[in-house]
Amino acid sequence: MRLFLDTANIDEIRRAAAMGVISGVTTNPTLVAREGVDYRARVLEICDVVDGPISAECISTEADDIVAEARRVAAWHPNVVVKVPLTEPGLAAIRRLSAEGIRINTTLIFSANQALLAALAGAAYVSPFVGRLDDAGEDGMTVVSEAVRIFELFHLPTQVLAASIRSPRHVTQAALAGAHVATLPASVLFQMVRHSLTDAGIARFLADAATYSPV
Ligand code: G3P
């Protein structure tokens with residue numbers, strides 16, 4: 001399983017990248033708007049920090065427009081993966097773009113059937129939004145596990161990227177469900193590192209080590 005960071009904040013990305021456990025980054029228009037920066041410039045900055053798939057989202061809604069925009073976005077950097085929302089025109093665009101070798105992350109996935117459609121269109125990744133489904137009273141992780149199982153059954157090469165992750169527990173559940181990737185807010189990644197017993201253990205070891213000469 002791989003972990004991506006779900007943010008457009010360059011300081012968070014630098015801090016997470018320094019830990020050596022992040023393989024990629026996902027962004028969306030909301031995350032970029034929060035930073036108040038130019039989308040292309042920020043994606044290029046991220047590409048300098050993380051050498052892996054960097055998702056950048058299309059905002060066009062008609063198939064021809066999505067194709068044209070995705071080609072422009074994909075040309076920003078070889079590591080860019082283009083995010084396309086799951087719609088009828090989106091599927092048509094994904095089919096054309098994947099035939100050109102442009103990697104697509106199909107976003108705003110809320111059912112296993114939507115994930116199947118995106119995989120059949122040739123998407124490299126599908127992104128079920130776990131937290132938003134949970135917020136709506138559904139079980140978001142079920143979509144992740146169903147998509148994983150369907151792709152396994154039919155040998156579909158599309159990877160399941162668990163998105164809209166809200167807690168460390170979601171990450172464990174996504175891993176156990178077989179998700180190929182989970183994309184996390186930085187806060188969740190940093191929470192994963194910490195455990196009160198680890199902190200207490202370090203404090204105890206430091207106190208005990210102070211009683212003898214340093215090595
Ligand atoms: O980037 C897509 C997804 O991870 C967004 O999550 O927290 O806005 O539901 P959230």
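In this text the structure is predicted, and so the values were computed from the model without any measurement. (Residues numbered from 1 in each chain as written. Predicted model: local features only at pLDDT ≥ 70, side-chain atom pairs only at ≥ 80, totals over all residues. Heavy atoms only, no water.)

With that out of the way, let us pick up the environment of Arg132. Turning to its location among the elements, Arg132 is positioned in helix H7 (residues 130-135). You can call Arg132 partly exposed: its relative accessible area is 43%. In this structure, the C-alpha to C-alpha distance between Arg132 and Thr107, residues 25 residues apart in sequence, is 13 Å. Ignoring any residue separated from it by four or fewer positions in sequence, one finds Arg132 in contact with Leu108, Phe110, Ser164 and Arg166. (Helix = DSSP H or I, 4+ residues; strand = E, 2+ residues; numbered from the N terminus. Buried < 20%, exposed > 50% of the residue type's maximum accessible area, 1.4 Å probe, protein only. Contact = heavy atoms within 4.5 Å.)

Between two packed helices, what matters for the description is the angle formed by their axes and the separation of those axes. Two elements in contact, helix H5 (residues 88-99) and helix H6 (residues 112-121), have axes whose closest approach is 8 Å; the angle formed by their N-to-C orientations is 35 degrees. Residues Leu91, Ile94, Arg95 and Ser98 of H5 form the contact with H6, whose own contacting residues are Leu117, Ala118, Leu120 and Ala121. (Axes fitted to C-alpha atoms, helices over the stretch in contact; angles between N-to-C directions.)

Tallied over the full model, the rule gives eight salt bridges. Shared partners join several salt bridges into a network, and the residues in it are Glu35, Arg42 and Glu45. (Salt bridge = Lys/Arg side-chain N within 4 Å of Asp/Glu carboxyl O.)

By size, the foremost hydrophobic cluster in this structure holds 62 residues, and its most contacted members are Leu5, Val82, Val144, Phe151, Ala162, Leu184 and Leu189. Once residues within four sequence positions are removed from consideration, Ala162 is found in contact with Pro128, Val130, Val144, Ala174, Ala179, Val181, Ala182 and Thr183. Grouped together as the second largest cluster of nonpolar side chains are seven residues, Phe4, Val81, Phe129 and Leu161 included. (Core = buried A, V, L, I, M, F, W, Y, C linked by side-chain atoms within 4.5 Å.)

Evaluated as defined, the whole model comprises three aromatic pairs. With centroids separated by 6.2 Å and ring planes inclined at 70 degrees, the aromatic side chains of Phe4 and Tyr125 adopt a geometry described as edge-to-face. Taken together, the residues Phe4 in strand E1 (residues 2-6) and Tyr125 in strand E6 (residues 125-128) connect sequence positions 121 residues apart. Accessibility classification places Phe4 together with Tyr125 in one group, the buried group. (Phe/Tyr/Trp six-rings, centres within 6.5 Å; stacked < 30°, edge-to-face > 60°.)

The next thing to look at is a nonpolar patch on the surface. Taken together, Met19, Val21 and Val193 make up a surface patch of nonpolar side chains, about 240 Å² in accessible area. Looking at the secondary structure, you find Val193 in helix H10 (residues 186-193). (Patch = residues over 30% accessible without salt bridge, like charges linked within 9 Å, V, L, I, M, F, W, Y side chains within 5 Å. Areas by Shrake-Rupley, 256 points an atom, 1.4 Å probe, with all protein chains shown as cover.)

This brings us to the site of the ligand. Taken together, Asp6, Asn28, Lys83, Phe129, Arg132, Ala163, Ser164 and Arg166 make up the full set of residues adjacent to the ligand. Contact between the ligand and Asn28: an oxygen atom at 3.0 Å from a side-chain N or O atom of the residue. Taking Arg132, its side chain carries an N or O atom lying 2.6 Å from an oxygen atom of the ligand. Compared with its free state, where it exposes 310 Å², the ligand has 82% of that area covered by protein. In terms of residue class, the shell around the ligand is made up of two nonpolar, two polar and four charged. (Near = heavy atom within 4 Å. Polar contact = N/O pair within 3.5 Å; in protein donor to acceptor, adjacent residues only side chain to side chain. Nonpolar A, V, L, I, M, F, W, Y, C, P; charged D, E, K, R; others polar.)

Read once around its circumference, the closed barrel built from eight strands follows the order E1-E2-E3-E4-E5-E6-E7-E8, with strand pairing classed as parallel. Direction aside, the axes of adjacent strands within the sheet are offset by 30 degrees on average. Here three bridges tie strand E5 (residues 104-109) to E6, and the two strands are oriented parallel to one another. Bridge assignment links Ile109 to a residue of E6, and that residue is Pro128. (Pairing = 2+ DSSP bridges.)

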